[in-house]
Amino acid sequence: MRLDYLTIFPEFFDVLGISLLGKAVDNGIVDIHAHDLRTWTHDRHRTVDDTPCGGGAGMVMKPDPWGEAFDDLLGADPDPSVHVVIPTPSGTPFRQDDAAQLSHADRIVFCCGRYEGIDHRVIDYASEHWSVHELSLGDYVLNGGEVAALAMTEAIVRLVPGVLGNPESLSEESYSQDQEGLLEYPVYTRPASWRGWDVPEVLMSGHHGHIAQWRREQSRELTRRRRPDLLTDE
Ligand SMILES: N#Cc1c(-c2ccc3ccn(Cc4ccc(CN5CCOCC5)cc4)c3c2)n[nH]c1N
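The chain goes by tRNA (guanine-N(1)-)-methyltransferase in an unreviewed UniProt entry, where it is assigned to Cutibacterium granulosum DSM 20700. As recorded by UniProt, the Subunit (unreviewed entry) comment attached to the chain reads in full: "Homodimer." The UniProt entry for the chain carries this comment under Catalytic activity (unreviewed entry): "guanosine(37) in tRNA + S-adenosyl-L-methionine = N(1)-methylguanosine(37) in tRNA + S-adenosyl-L-homocysteine + H(+)".

A closer look at the overall build of the chain
Along the chain, the regular secondary structure elements total eight helices and nine strands. Overall, the C-alpha framework of the chain stretches about 70 × 40 × 35 Å when taken along its three principal axes. Evaluated residue by residue, the chain yields a buried proportion of 41% over its 234 residues. Counted over contacts in the chain with a minimum sequence separation of 6, partners at least 24 positions apart contribute 72%. With an accessible surface of roughly 13800 Å², the chain has 51% of that area assigned to carbon and sulfur atoms. Charge separation in the chain, taken as the distance between the mean sites of 20 positive and 39 negative side-chain charges, equals 7 Å.

Here's the deal with the UniProt feature "binding site: S-adenosyl-L-methionine" (unreviewed entry) in the chain
As recorded in UniProt, the feature "binding site: S-adenosyl-L-methionine" (unreviewed entry) lies at Gly113, Leu137, Gly138, Asp139, Tyr140, Val141 and Leu142. As for its placement among the helices and strands, glycine 113 is situated in the loop between strand E6 (107-111) and helix H4 (120-129). In this structure glycine 113 touches Met61, Trp66, Ile118, Gly144, Gly145 and Glu146, once residues within four positions along its chain are discounted. Following the sequence through the fold, glycine 138 ends up in the loop between strand E7 (131-136) and helix H5 (146-157). For glycine 138, a relative accessible area of 18% corresponds to the buried category.

So, the packing of helix H2 (residues 63-74) against H4
Interhelical geometry of H2 versus H4 gives an angle of 25° and a closest axis separation of 9 Å. By the angle class used here, H2 and H4 are roughly parallel. Handedness of the H2/H4 crossing: right-handed. Contact residues: H2 offers Pro63, Trp66, Phe70 and Asp71, while H4 offers Arg121, Val122, Tyr125 and Ala126.

Considering the site of the ligand
Every one of the 18 residues lining the ligand counts as a neighbour, but Glu116, Ser136, Gly138, Tyr140 and Leu142 are closest to it. Between the ligand and tyrosine 140 there is a distance of 2.6 Å, counted from a nitrogen atom to a backbone nitrogen or oxygen. Surface burial for the ligand is 71%, taken as the share of its 640 Å² of free accessible area covered by protein chains. Elements supplying a minimum of two residues to the shell around the ligand: strand E5 (82-93) and E7. Top contributing element to the shell around the ligand by residue count: E5, with three residues. The residue makeup of the shell around the ligand, split by class, is nine nonpolar, seven polar and two charged.

Structural notes on the environment of valine 109
Tracing the chain through its elements places valine 109 in strand E6. Among the residues examined, valine 109 registers a relative accessible area of 0% and is labelled buried. Separated by 103 residues in the primary sequence, valine 109 and leucine 6 place their C-alpha atoms 7.4 Å from one another. Here valine 109 is in contact with Asp4, Leu6, Leu74, Val82, His83, Val84 and Val85, once residues within four sequence places are set aside.

Details of the side chain of threonine 88
Looking at the element boundaries, threonine 88 is found in strand E5. If sequence neighbours within four positions are ignored, threonine 88 has contacts with Glu134, Leu135 and Ser136.

A short note on the sheet that holds E7
Taken together, the five strands give an open sheet; going across it, the order is E2-E1-E6-E5-E7, and neighbouring strands pair in parallel fashion. Bordering the open sheet on either side are strand E2 (31-36) and E7, each of which pairs with just one other strand. Each adjacent strand pair in this sheet contributes to an overall mean axis angle of 25°, direction not counted. Taken together, the six bridges between strand E1 (residues 2-7) and E2 define a ladder with parallel strand orientation. Along E2, the bridge assignment pairs leucine 6 with histidine 35.

Parameters at a glance
- Residues numbered from 1 in each chain as written.
- Predicted model: local features only at pLDDT ≥ 70, side-chain atom pairs only at ≥ 80, totals over all residues.
- Heavy atoms only, no water.
- UniProt positions renumbered as here; feature names shortened; annotations may be inferred.
- Helix = DSSP H or I, 4+ residues; strand = E, 2+ residues; numbered from the N terminus.
- Buried < 20%, exposed > 50% of the residue type's maximum accessible area, 1.4 Å probe, protein only.
- Contact = heavy atoms within 4.5 Å.
- Areas by Shrake-Rupley, 256 points an atom, 1.4 Å probe, with all protein chains shown as cover.
- Lys, Arg positive; Asp, Glu negative; His and termini not counted.
- Charge placed at Lys NZ, Arg CZ, Asp CG, Glu CD.
- Axes fitted to C-alpha atoms, helices over the stretch in contact; angles between N-to-C directions.
- Parallel < 35°, antiparallel > 145°, perpendicular 65-115°, else oblique.
- Left-handed = near helix turned anticlockwise from the far one by under 90°.
- Near = heavy atom within 4 Å.
- Polar contact = N/O pair within 3.5 Å; in protein donor to acceptor, adjacent residues only side chain to side chain.
- Nonpolar A, V, L, I, M, F, W, Y, C, P; charged D, E, K, R; others polar.
- Pairing = 2+ DSSP bridges.

In structure tokens:
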């Protein structure tokens, strides 16, 4: 899987060389390239923004640098196997299903906007050539797309075979289908007693059936309290 990031802050993506994702890069499972969008500017000030047509506050990112970056990175031929992900506050909510779908992609280009966003014709042009996903990380306002791209990257890449040391853990996670889409049960480790708090006895019983039942009950109760929207049969 090749991941490209178009951004005016490429250093944001230096962190992808650390930890699990770093190992995935070292193992050749993932190939990561961050690009400074100003590479595709030609004026003395390396300008990437301009005033919004129709007025309004702030600035909008000019289309030209994006178009020239696409030309260099992707060429002009349409290829639906290339996924262009555009983090945006107006995007559809990024969910685990999106991460699962994108984890099968061979190529993903993240377009990280700043200011008040990217000239919409960039999205229109990209949509004519590649598979475009306008996605939002959540219902809060960020200053740009980089943090969202990092979060989406981690959610996507951890699902790629060979990236996680223990793939079985994927099936027990919140939002995973194996967990019936419920929130994850509470987890514990040693010591059995810590500052007056004990590990639930059932987890120390060694009775796998009782443990599985307790975990299912905990997941359902937690989901009922915090995310009733995830419960399908109530
Ligand atoms: N993913 C994700 C995100 C982002 C995100 C992603 C990409 C960019 C690029 C620029 N920004 C800043 C920005 C903030 C607010 C607004 C809304 N405007 C409406 C009209 O009035 C002015 C304001 C636009 C642009 C971004 C924010 N925020 N929250 C998420 N979950």
